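Here's the letter readout for the chains.
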Amino acid sequence: MRVMEKASAKINLTLDVLHKRPDGYHEVEMIMTMVDLADRIEMKELDRDAIIISSQAGYIPLDEKNLAFQAARLIKDRYDVKQGVYIHLDKKIPVAAGLAGGSSDAAATLRGLNRLWRLGITDGELRTLGAELGSDVPFCVTGGTAIARGRGEKLEFIDSPPQCWVVLAKPPINVSTADVYGKLNASRIAKHPDTAAVAEAIRSKDYHSLCDGLGNVLEEVTLSLYPEVRQLKNCMERLGADGVLMSGSGPTVFALCSKEKKAQRIYNGLRGFCKEVYAVRMLTGEHAAP
Ligand code: ATP
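In this text, all values refer to a predicted model and were calculated from it rather than measured experimentally.

> Go over the site of the ligand, please, and point to the residues and values.
The full set close to the ligand counts 20 residues, and Leu67, Ala100, Gly101, Gly102 and Asp105 are the nearest of them. For the shell around the ligand, the secondary-structure elements that each account for two or more residues are α1 (67-78) and α2 (101-116). Counting residues per element, the shell around the ligand draws most heavily on α2, which supplies 4 residues. Grouping the constituent residues of the shell around the ligand by class yields 10 nonpolar, 7 polar and 3 charged.

> Run through the environment of Gln163, naming residues and quoting values.
Counting through the fold element by element, Gln163 comes out in the loop between β6 (154-158) and β7 (165-170). Classification of Gln163 by C-beta neighbours within 10 Å gives partly exposed; the count is 14. Each residue touching Gln163, except ones within four places of it in the same chain, is listed here: Met282 and Thr284.

> How would you explain the packing of α2 against helix α3 (residues 123-131) if you had to name every residue and give the values?
Interaxial distance between α2 and α3 falls to 10 Å at its minimum, and their mutual angle equals 135°. Of the possible angle classes, the one that applies to α2 and α3 is oblique. Considering only the axes of α2 and α3, their crossing is right-handed. Here Ala106, Ala107, Leu110, Arg111 and Asn114 of α2 come into contact with α3, specifically with Leu126, Leu129 and Gly130. Among the residues forming the contact of α2 with α3, the class breakdown is 5 nonpolar, 2 polar and 1 charged.

> Got a sec to walk through the domain arrangement of the protein chain? Specific residues and values, please.
Here the protein chain is described as being made up of domain 1 (2-158) and domain 2 (165-287). Placing a centre on the C-alpha atoms of domain 1 and another on those of domain 2 gives a separation of 22 Å. Contact residues are listed per partner, giving 26 residues for domain 1 and 34 residues for domain 2. Contributing elements (two or more residues each) for the side of domain 1 that touches domain 2: β1 (2-20), β2 (26-46) and β5 (145-150). Examining the composition of the side of domain 1 that touches domain 2, we find that 10 residues originate from one element, β1, more than from any other. For the side of domain 1 that touches domain 2, the per-class residue count stands at 14 nonpolar, 8 polar and 4 charged.

Reading guide: rules and limits
- Residues numbered from 1 in each chain as written.
- Predicted model: local features only at pLDDT ≥ 70, side-chain atom pairs only at ≥ 80, totals over all residues.
- Near = placed C-beta within 6 Å.
- Helix = DSSP H or I, 4+ residues; strand = E, 2+ residues; numbered from the N terminus.
- Nonpolar A, V, L, I, M, F, W, Y, C, P; charged D, E, K, R; others polar.
- Buried ≥ 20, exposed ≤ 12 C-beta atoms within 10 Å, placed from the backbone.
- Contact = placed C-beta atoms within 7 Å.
- Axes fitted to C-alpha atoms, helices over the stretch in contact; angles between N-to-C directions.
- Parallel < 35°, antiparallel > 145°, perpendicular 65-115°, else oblique.
- Left-handed = near helix turned anticlockwise from the far one by under 90°.
- Domains from an automatic or database assignment.

Below is the structure:
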């Protein structure tokens with residue numbers, strides 16, 4: 001038996017940090033949604049009790065550090081599964097980019113193994129399992145669009161945003177999420193995004209208010225540490241994007257465009273600037289599930 005799952009990339013339409021909690025984590029409030037850029041995960045039964053990971057991408061761990069491996073281990077242990085599995089990750093989502101690639105792979109592995117081993121685990125239970133692997137995994141289990149709170153694991157699902165193009169560009173630098181959060185002074189954030197207003201713009205399919213409301217409090221940290229991310233953002237704005245924002249802790253920056261021609265122009269304009277550039281559709285409506 002063999003199953004395939006699609007693991008889509010997420011972007012943040014807003015990312016707010018409300019305060020630092022006594023347990024050291026930051027209390028966040030953010031709107032997450034998925035774009036049509038995805039890894040493909042193939043899972044095949046093995047005739048021995050082992051978890052084997054392979055990938056064409058040379059730059060990700062293939063051992064217990066891989067989030068797909070951790071997802072398989074968790075589900076095997078929790079449901080006492082004796083069979084083994086071979087997992088192949090066809091990576092398309094840039095790594096360490098702020099697009100939750102690893103979390104989405106882990107979520108797809110949970111969904112796929114639930115099917116492969118006919119475990120009958122509900123979506124809600126899969127999200128609870130996912131929270132043990134990482135804050136973004138519960139969202140990636142279900143996909144769609146959600147306001148995430150707490151550490152990112154408390155989800156309120158909302159309507160999909162209006163259909164549009166998303167041009168993503170990842171500069172060739174590695175940004176540590178822990179480092180960015182560590183350098184953020186939660187009590188001195190200059191401008192918080194208005195999450196409720198953006199959620200309302202999404203509900204009423206008001207594309208222009210959505211573009212105007214995009215906001216991420218981690219931008220001020222990452223942009224001051226890495227001037228090339230600021231240059232990239234400025235470049236997208238100059239090329240005429242309707243809205244531009246950094247996703248997660250970066251370094252990926254995305255531009256929203258209602259017209260395909262404009263998305264193409266921005267894509268072409270960025271290609272000389274940056275190697276990893278993608279022009280994709282926002283995942284909306286029935287296509288929103290991963
Ligand atoms: P987030 O937006 O959730 O912070 P990210 O997009 O910034 O995630 P990932 O692509 O998930 O970052 O990679 C973060 C780290 O996780 C990398 O250092 C990578 O080596 C490791 N990793 C573990 N498993 C995977 C996987 N399946 N795919 C990509 N990276 C993985």
